[in-house]
Amino acid sequence: MTTERRVAVLAPMKPELKAIVKSFSLEPTPDDPVFSHAGRAGSWGVAALVTGMGPALAREATRKALAAGPFDHVMVIGIAGGLDPGLPVGSLMVPGRVQLYPDGPEFQAHPLPPREAQGALMTTDGLFDNDKVWQPILERGFGAVDMEAAGVAEVCEAEGIPWSIYRGISDRPDEHIVDQAVFSLSKPDGSADPVAVAKYLARDPRRAKALTHLNRCMQEAASLAADAAYADLTGS
């Protein structure tokens, strides 16, 4: 008798979950108190949820997910900001190590074979749009930044559960597209705050073009990460 392997798929934001649901062909689970969607990816049973943004929410959601297990693997799938010139918008990062900014513990990822993780990802508790902040992160060898990976890794390592991170690069701080004003347009789950967006555009309607471009880049990056994770689970 073969026991089904199960993977918990964590999406930091609702738009990222939308990409996962599409790539994995997941179905809603309205009666599940923890996971919003479920399905299969090859021989794997899949359960997915939205963690919310930031390391604290990521830790909390990971604990809830693992308590509802058992799980054989945890994946974080979503977008990241690229720092390394070799990671332009639209590229994929599956990092080998993650760390919480500025000097938190460092964790080694455990991607599914034959995937070979590459590079390092720094997890921050907020947006860094200042060159004086992100440039030293790059100089320390971190090619991209996110807001959840280290939080998830911390909980998984404590529980002895292998984990991996899939991030599509959606923006770069050196392009100065995402600043604090743009960052504040989202709720903690990543969905748009309609009131904040309306006020933002009312001050300068020309900003709509930049927001449309950013939204498209985010969608494409999230889909790239979700497709890559699904391919690794199914061996396709």
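Bear in mind the structure is a predicted one, so any value in this text is a computation, not a measurement.

Peer 1: So what's going on with the overall build of the protein chain? Which residues, and what values?
Peer 2: The helix and strand inventory of the protein chain stands at seven helices and eleven strands. The C-alpha radius of gyration of the protein chain comes to 17 Å, within 12% of the 18 Å expected for a compact globule of 236 residues. For the protein chain, the spread of C-alpha atoms along the principal axes amounts to about 60 × 40 × 30 Å. The 236 residues of the protein chain split such that 49% are buried. Contacts in the protein chain between residues at least 24 apart in sequence constitute 73% of all its contacts with a sequence separation of at least 6. In the structure as shown, the protein chain presents an accessible area of about 11300 Å², 54% of it carried by carbon and sulfur atoms.

Peer 1: I'd like to hear about the environment of Ala-192, residue by residue, with values.
Peer 2: Among the secondary structure elements, Ala-192 is positioned in the loop between α5 (180-183) and α6 (194-203). Taking C-alpha positions, Ala-192 is 16 Å from Ala-202, a pair spaced ten residues apart along the chain. Once residues lying within four places of it in the same chain are set aside, the contact partners of Ala-192 are Leu-185, Lys-187 and Val-197.

Peer 1: Please set out the pattern of salt bridges residue by residue, giving values where relevant.
Peer 2: The full count for this structure, using the stated rule, is ten salt bridges. For the salt bridge of Glu-4 with Arg-40, the shortest nitrogen-to-oxygen distance reads 2.0 Å. Of the two residues, Glu-4 sits in the segment before β1 (5-11) while Arg-40 sits in strand β3 (residues 37-41), which places them 36 residues apart along the sequence. Judged by relative accessible area, Glu-4 falls into the partly exposed class, the value being 37%. Here Arg-167 makes a salt bridge to Asp-146, at a shortest N to O gap of 2.7 Å. On the criterion of sequence distance, the pair formed by Arg-167 in strand β11 (residues 163-171) and Asp-146 in strand β10 (residues 144-146) is long-range, its members being 21 residues apart. Residue Arg-167 is classed as buried on the basis of its relative accessible area, which comes to 0%. A relative accessible area of 4% places Asp-146 in the buried class. Here the residues in one salt-bridge network are Glu-16, Asp-146, Glu-148 and Arg-167, joined through shared partners.

Peer 1: Break down the packing of α6 against helix α7 (residues 207-234) for me, with residues and values.
Peer 2: Contact geometry of α6 with α7 gives a least axis separation of 8 Å together with a crossing angle of 135°. Compared by their axis directions, α6 and α7 come out oblique. Contacts from Tyr-200, Leu-201 and Arg-203 of α6 reach α7 at Arg-207, Ala-208 and Leu-211.

Peer 1: Account for the side chain of Asp-232, with residues named and values stated.
Peer 2: Position of Asp-232 relative to the elements: it lies in helix α7. Polar side-chain contacts of Asp-232 include one of 2.8 Å to the side chain of Arg-115. A distance of 2.6 Å separates polar atoms of two side chains, one belonging to Asp-232 and the other to Tyr-166. Not counting the four nearest positions on each side in its chain, Asp-232 is found in contact with Leu-112, Arg-115 and Tyr-166.

Parameters and conventions
Residues numbered from 1 in each chain as written. Predicted model: local features only at pLDDT ≥ 70, side-chain atom pairs only at ≥ 80, totals over all residues. Heavy atoms only, no water. Helix = DSSP H or I, 4+ residues; strand = E, 2+ residues; numbered from the N terminus. Rg over C-alpha atoms; globule rule 2.2 N^0.38 Å. Buried < 20%, exposed > 50% of the residue type's maximum accessible area, 1.4 Å probe, protein only. Contact = heavy atoms within 4.5 Å. Areas by Shrake-Rupley, 256 points an atom, 1.4 Å probe, with all protein chains shown as cover. Salt bridge = Lys/Arg side-chain N within 4 Å of Asp/Glu carboxyl O. Axes fitted to C-alpha atoms, helices over the stretch in contact; angles between N-to-C directions. Parallel < 35°, antiparallel > 145°, perpendicular 65-115°, else oblique. Polar contact = N/O pair within 3.5 Å; in protein donor to acceptor, adjacent residues only side chain to side chain.

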